[in-house]
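# Structural characterization, general
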Amino acid sequence: MVENISIEKLREHPDNPRRNVGDVTELAESIKANGILQNLTVVPCTGYYYGNYTVIIGHRRLAAAKLAGLTELPCAVVQMDDKQQIATMLLENMQRSDLTIYEQAQGFQMMLDLGETQSSIAKQTGFSKTTVSRRLKLLNLDKDKFMEADNRGGTLEDYIKVAEIKDEKIRNAVTDAIGTQNFEWELRKAHEKQQLNEAMPSIKAEMKKIGAKRDDKIYNYDGKHEVVCEIMVKDFKEGCLANKCKNNIKYWWNILGNAVKVYRLKPVEKKKAVKKSDKEIKAISRRKELESITERAYECRKSFVMDFYIIQKDNEIINDWLWEVQYRRLSGQYSNTSWDILCDRIGEEYEKYKYSCKRENLDRFVKEHPKNANIIILYAVCGDSGKMGYYEANNGEEMPSYKKNNRLDLIYKYLCKLGYKMSDEEKALKDGTHEFYMNGGDEDE
């Protein structure tokens with residue numbers, strides 16, 4: 001039943017998932033000129049507010065009508081219980097894309113608190129159970145940080161990635177980076193840290209089996225020790241040291257970058273081993289850190305390219321990039337190709353086709369992936385790799401020094417044009433200001 005109700009008797013719903021109706025100035029001007037074109041949906045109040053009505057649908061129209069100076073509004077009076085009210089408001093706002101991701105998650109939680117299940121919420125709102133489950137999972141994020149990230153334009157994909165981080169402290173740090181140029185960088189660091197945390201029990205158990213002690217000051221360059229084995233953290237599994245280490249030998253271990261290293265004393269030589277100076281050990285440490293950071297930067301670039309979908313406006317940029325790559329190849333500036341990237345994407349075995357890819361497989365790949373095949377092939381031709389960076393791996397006591405890299409500059413130039421966001425650390429690597437370069441962070445040098 002539709003009836004005109006005094007605007008003074010209309011109350012905003014206290015549990016409206018949409019916390020902010022936004023700017024209603026234009027809507028108010030339209031209402032002044034044309035009146036209310038669609039009635040509000042309301043329910044009768046009970047208890048203290050008996051005789052009044054609570055708005056279910058039409059909060060923006062109510063706010064705009066007040067601004068326009070109207071005294072009464074057409075309303076459809078309906079009967080709904082609390083669960084139905086929240087479900088209706090959720091569905092109405094979501095269909096109009098009026099709710100932020102945080103508000104959606106809160107709305108689903110309200111329905112859970114009223115006794116609904118994820119299945120019943122999905123049925124009432126029309127959203128899949130997976131969508132409901134994902135939104136609810138996001139409430140594990142720090143509330144204030146979640147809302148701040150929402151204001152910075154965080155996407156659902158961003159939140160889902162962050163919610164997968166198990167450590168609360170690390171998760172909050174990455175949430176702080178949502179909507180900034182450092183997000184992908186911090187996310188990559190967090191995954192590396194989580195990977196290490198998850199592998200650590202197995203690492204310690206395996207080291208205990210061989211009687212190895214942890215010593216973070218040992219390097220295979222110190223003149224006294226040598227590396228017995230080196231295993232990437234992501235590949236470390238129970239029993240992986242079984243055939244690599246013998247009994248009755250003293251071992252040490254540590255973690256450098258993303259690799260677990262096991263050491264033993266070098267065999268005694270006639271020539272006395274020269275002990276490395278503190279400065280040289282520090283230089284070695286910095287080189288290892290730069291290797292790890294350079295690899296992380298590559299993974300961020302590669303991830304962007306692999307997930308990128310070309311739209312019409314990107315074609316001009318892609319063509320400019322292609323012509324510049326061709327020019328540099330023809331002028332002999334570089335000629336490497338990242339065959340591993342191509343082989344991975346077209347389903348070939350890298351070791352079998354490391355110097356070429358079958359034409360028929362490339363044709364199939366382009367046909368099956370019309371939205372991103374061109375950029376992946378172009379990127380592979382650029383020869384990007386985890387070892388391509390902006391530093392020279394000096395030996396001895398020298399700290400790693402900055403070295404300009406025109407090939408990498410070209411890659412960053414066009415990736416940024418396509419929307420890639422360089423982190424602060426990547427920028428420091430590129431412009432030579434990173435603390436790990438020669439004299440970086442060393443006041444006494």
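Going by the structure above, here's the rest.
Residues numbered from 1 in each chain as written. Predicted model: local features only at pLDDT ≥ 70, side-chain atom pairs only at ≥ 80, totals over all residues. Heavy atoms only, no water.

Moving on, we come to the pattern of salt bridges. Per the stated rule, a full pass over the model turns up 21 salt bridges. Measuring nitrogen to oxygen at the nearest pair gives 3.9 Å for the salt bridge that ties Glu186 to Lys189. Note that Glu186 and Lys189 are positioned in helix α10 (residues 183-209) at a spacing of 3 residues, about one turn of the helix. What makes Glu186 partly exposed here is its relative accessible area of 24%. You can call Lys189 partly exposed: its relative accessible area is 32%. Lys404 is the partner of Asp409 in a salt bridge, and the nearest nitrogen-oxygen pair spans 2.8 Å. Bridged by salt links that share partners, the residues Glu157, Lys161 and Glu184 form one connected network. (Salt bridge = Lys/Arg side-chain N within 4 Å of Asp/Glu carboxyl O. Helix = DSSP H or I, 4+ residues; strand = E, 2+ residues; numbered from the N terminus. Buried < 20%, exposed > 50% of the residue type's maximum accessible area, 1.4 Å probe, protein only.)

This brings us to the nonpolar core. Nonpolar side chains in soluble globular proteins tend to be buried together. Membership of the largest hydrophobic core comes to 43 residues, with the highest contact counts inside it found for Trp321, Ile375 and Leu418. Those elements that provide at least two residues to this core are α11 (278-307), α12 (315-330), α13 (339-346), α15 (373-381) and α16 (406-417). Looking at this core element by element, the count peaks at 8 residues for α11. If sequence neighbours within four positions are ignored, Ile375 has contacts with Val305, Phe308, Ile310, Ile318, Trp321 and Leu418. (Core = buried A, V, L, I, M, F, W, Y, C linked by side-chain atoms within 4.5 Å. Contact = heavy atoms within 4.5 Å.)

By the element assignment, Lys302 lies in helix α11. Sequence separation between Lys302 and Asp384 is 82 residues; the distance between their C-alpha atoms is 8.5 Å. If we ignore the near neighbours within four places in the chain, the residues touching Lys302 are Ile341 and Tyr379.

This paragraph deals with the packing of aromatic side chains. Enumeration over the complete set of coordinates arrives at 8 aromatic pairs. Aromatic side chains Trp321 and Tyr414 sit 5.7 Å apart centroid to centroid with 5 degrees between the ring planes, which places their arrangement in the stacked category. Separated by 93 residues along the polypeptide, Trp321 in helix α12 and Tyr414 in helix α16 bring together distant segments of the chain. Judged by relative accessible area, which is 0%, Trp321 ranks as buried. (Phe/Tyr/Trp six-rings, centres within 6.5 Å; stacked < 30°, edge-to-face > 60°.)

So, about the sheet that holds strand β4 (residues 53-57). The 5 strands lie next to each other as β1-β5-β3-β4-β2, forming an open sheet whose pairing is mixed. Each edge of the sheet is formed by a strand with only one pairing partner; in this case those strands are β1 (2-6) and β2 (10-11). Here 5 bridges tie β1 to strand β5 (residues 72-77), and the two strands are oriented antiparallel to one another. Paired with Glu3 across the strands is Cys75, a residue of β5. Running over the sheet, helix α2 (residues 59-68) touches β2, β3 (40-44), β4 and β5 and is turned about 120 degrees from β4. (Pairing = 2+ DSSP bridges. Axes fitted to C-alpha atoms, helices over the stretch in contact; angles between N-to-C directions.)

The next point concerns the side chain of Asn254. Within the secondary structure, Asn254 sits in strand β8 (residues 251-256). Each residue touching Asn254, except ones within four places of it in the same chain, is listed here: Asp215, Asp216, Ile218, Ala259, Val260, Lys261 and Tyr263.

As a further point, take the pairing of β8. The buried fraction of β8 amounts to 6 of the 6 residues, a majority that puts the element mostly inside the structure. Both faces of β8 are covered, namely the face carrying Tyr251, Trp253 and Ile255 and the face carrying Trp252, Asn254 and Leu256. Across 2 bridges, strand β6 (residues 213-214) lies against β8 in parallel orientation. Residue pairing for β8: Arg214 is matched across the bridge by Trp253. In terms of strand pairing, β8 meets strand β9 (residues 259-265) through 6 bridges, oriented antiparallel. Of the residues in β9, the one forming a bridge with Tyr251 is Arg264.

Here we come to helix α17 (residues 424-431). Of all the residues in α17, the buried ones are Glu426, Ala428 and Leu429. All buried residues of α17 lie within an arc of 160 degrees about the axis, which places them on one face of the element. Looking one or two residues past α17, Gly432 carries a phi angle of roughly 85 degrees, positive in sign. (Arc of directions from axis to C-beta.)

This next bit is on the sheet that holds β8. Spatially, β6-β8-β9-β7 is the arrangement adopted by the 4 strands of the open sheet, whose pairing is mixed. What marks the edges here is a single partner per strand, and that holds for β6 and β7 (225-232). Taken together, the 7 bridges between β7 and β9 define a ladder with antiparallel strand orientation. Across the sheet, the residue bridging to His225 is Leu265, located in β9.

Between α11 and α13, whose axes approach to 13 Å, the crossing angle comes to 40 degrees. Here α13 runs oblique to α11, going by the angle between their axes. Of the two possible hands of crossing, α11 and α13 adopt the one that is right-handed. Where α11 approaches α13, its residues Tyr298, Lys302 and Met306 are matched on the opposing element by Asp340, Ile341 and Arg345. (Parallel < 35°, antiparallel > 145°, perpendicular 65-115°, else oblique. Left-handed = near helix turned anticlockwise from the far one by under 90°.)

Attention now goes to the side chain of Asn372. Within the secondary structure, Asn372 sits in the loop between α14 (359-368) and α15. The exposure class of Asn372 is buried, given its relative accessible area of 2%. If near-sequence neighbours (up to four positions away) are discounted, Asn372 is found in contact with Met306, Phe308, Tyr309 and Arg345.

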